[in-house]
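Fold and geometry: a report
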Amino acid sequence: TSEETPNVDLITLTRHVLSDQLRLGSTATGDLTLLLTAIQVTSKFIATNVRKARLINLVGLAGETNVQGEEQKKLDVLSNDIMVNALRASGKTAVLVSEELDDAIIIEDGYKGKYCVVFDPLDGSSNIDAGVNIGTIFGIYRVRPDSTGTIEDVLRPGSEMVAAGYTMYGSSANLVLSTGSGVNGYTLDASLGEFILTHPNITIPSRGKIYSFNEGNAMYFHPPVTAYLKSIKFPAPPKSPYSARYIGSMVADVHRTLLYGGIFGYPNDKKSKSGKLRLLYEAFPMAYLTEQAGGIATTGTKRILDIVPTSIHERCPVFLGSKDDVQDLMKFYKETP
Ligand code: AHM
Ligand code: MG
């Protein structure tokens, strides 16, 4: 209530990242903190534009359908431009890979820094028109010691990322981040314009009660996935069946999985030979966060973070979430012909 004493010792994202570095006795130069500051600014800017687009959407429903269509199509492109500009200007990046751009951007000498950022500026675009949660996903590599910043610096296993995270644009903007020592969640306080620590040390429950798959693809699924899904929907008594939750926005589906537990899956199938999700800027960051939160992220047969990418936009099957649930699924991969 308004009579409550306000918290006069807020932990902002920047304060938290800095104190983490001090605590770890790191000799860090502060460059990663500055890069993360740039990413925070892009998330605030994108959040504002997502809000505006939703307003325009309402206007569109009142008759201005053209404006509505154009505005919404522009939102992913706009988010991409916001990120590319801010990341370049930060002076901390060397290579940028975006879902929206065919080629990697190699930052020119005057602005070049030592980090590479791979990102999906606005994921879940099929949900934009309906006002459902969407998000930005990012992963960060440090350039290899001998490198001036080439594509080879991002064609590396996800386990070599130094940080990963996402921002979810929902009823509030939530930024979830790991710099390699656990996962923390921050909520944008719009009146302060700061991300405030609201979900310290996120840990996935070891087992959940929710499965999150697009079962509209069930006729294409391979036998291990079909058998696994059957096992959680028709369990032997006294076990109860799992609940289904599928938003179709990876950020929102993974966010719920981190907080509540359970399993999220986007398998490869008879139609999509490598699945749908992109390895570098969707699977890797989410796998990194999942492991940092105590969960498992697998293709069904191998650890996602061990995959060595061969091209920047390649896809990979994804299953992630609670340790016990994902292990159950992996058993079906071992045992089902
Ligand atoms: P996008 O990058 O075109 O937005 O697609 C990625 C999205 C993910 O957020 C989500 O997990 C998945 O696609 C949903 O796909 P589907 O609609 O096939 O279930
Ligand atoms: Mg995407």
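Residues numbered from 1 in each chain as written. Chains lettered and ligands numbered in written order. Predicted model: local features only at pLDDT ≥ 70, side-chain atom pairs only at ≥ 80, totals over all residues. Heavy atoms only, no water.

1. Thoughts on the overall build of the protein chain
This is how it is decided: Strands are runs of DSSP state E lasting at least 2 residues, helices are runs of H or I lasting at least 4, and numbering of each runs from the N terminus. Atoms considered for the radius of gyration are the C-alpha atoms alone. The globule rule reads 2.2 Å times the number of residues to the power 0.38. Burial classes: relative accessible area under 20% of the type maximum marks a residue as buried, over 50% as exposed, and values in between as partly exposed (1.4 Å probe, protein chains only). In this description, contact between two residues means that some pair of their heavy atoms is separated by no more than 4.5 Å. Throughout, the Shrake-Rupley method with a 1.4 Å probe supplies accessible areas, and for residues the shown protein chains are the sole cover considered.
The helix and strand tally for the protein chain stands at 7 helices and 13 strands. In terms of C-alpha radius of gyration, the protein chain reaches 20 Å, essentially the compact-globule figure of 20 Å for 337 residues. For the protein chain, the spread of C-alpha atoms along the three principal axes comes to 60 × 55 × 45 Å. Here the protein chain holds 337 residues, and the buried ones make up 51% of them. Pairs at least 24 apart in sequence give 64% of the contacts found in the protein chain among residues at least 6 apart. When the accessible surface of the protein chain is split by element, carbon and sulfur atoms take 54% of a total near 15,600 Å².

2. Details of the packing of helix α4 (residues 223-233) against helix α7 (residues 323-335)
Packed helix pairs are characterised by how far apart their axes lie and by the angle those axes make with each other. What counts, and what does not: Between N-to-C directions, angles cover 0 to 180 degrees, with each direction set by a line fitted to C-alpha atoms, over the stretch in contact for helices. Orientation labels follow simple angle bins: below 35 degrees gives roughly parallel, above 145 gives roughly antiparallel, 65 to 115 gives roughly perpendicular, and whatever is left gives oblique. We call a crossing left-handed when the near helix sits turned anticlockwise from the far one by less than a right angle, and right-handed when that turn is clockwise. Residues are sorted three ways: Asp, Glu, Lys and Arg are charged, Ala, Val, Leu, Ile, Met, Phe, Trp, Tyr, Cys and Pro are nonpolar, and all the rest, Gly among them, are polar.
One can describe the packing of α4 onto α7 by two numbers: an axis separation of 8 Å at closest approach and a directional angle of 135°. Between α4 and α7, the crossing angle belongs to the class labelled oblique. Crossing handedness for the pair α4 and α7: right-handed. From α4, P224, V225, A227, Y228 and S231 reach across to α7, where they touch D325, D328, L329, F332 and Y333. Along the lines of polarity and charge, the residues of the contact of α4 with α7 split into 7 nonpolar, 1 polar and 2 charged.

3. Quick notes on the sheet that holds strand β9 (residues 210-212)
Selection rule: Two strands qualify as a pair provided that DSSP identifies no fewer than 2 bridges between them.
With respect to topology, 5 strands assemble into an open sheet ordered β10-β9-β11-β13-β12, the strand pairing being mixed. The sheet is open, and its two edges are formed by β10 (243-244) and β12 (296-298), each paired on a single side. Against the sheet, helix α5 (residues 250-260) touches β9, β11 (263-266) and β13 (318-321), its axis set at about 150° to β11. On the sheet, helix α6 (residues 279-292) packs against β12 and β13 and is oriented at approximately 25° with respect to β13.

4. Considerations on the nonpolar core
To be explicit about the condition: Take the buried Ala, Val, Leu, Ile, Met, Phe, Trp, Tyr and Cys residues and link them wherever side-chain atoms come within 4.5 Å; each set so joined is a nonpolar core.
Membership of the largest hydrophobic core comes to 44 residues, with the highest contact counts inside it found for V154, L280, F284, M286 and V318. Broken down by secondary-structure element, the contributors of at least two residues to this core are β1 (93-98), β3 (115-123), β4 (134-142), β5 (163-169), α5, β11, α6 and β13. Element by element, the count of residues in this core is highest for α6, at 9 residues. With residues near it in sequence (within four places) discarded, V154 still touches V95, V97, C116, V118, Y141, L280, P309 and I312. Counting residues in hydrophobic clusters, the runner-up holds 35 residues, among them I46, V50, I105 and I107.

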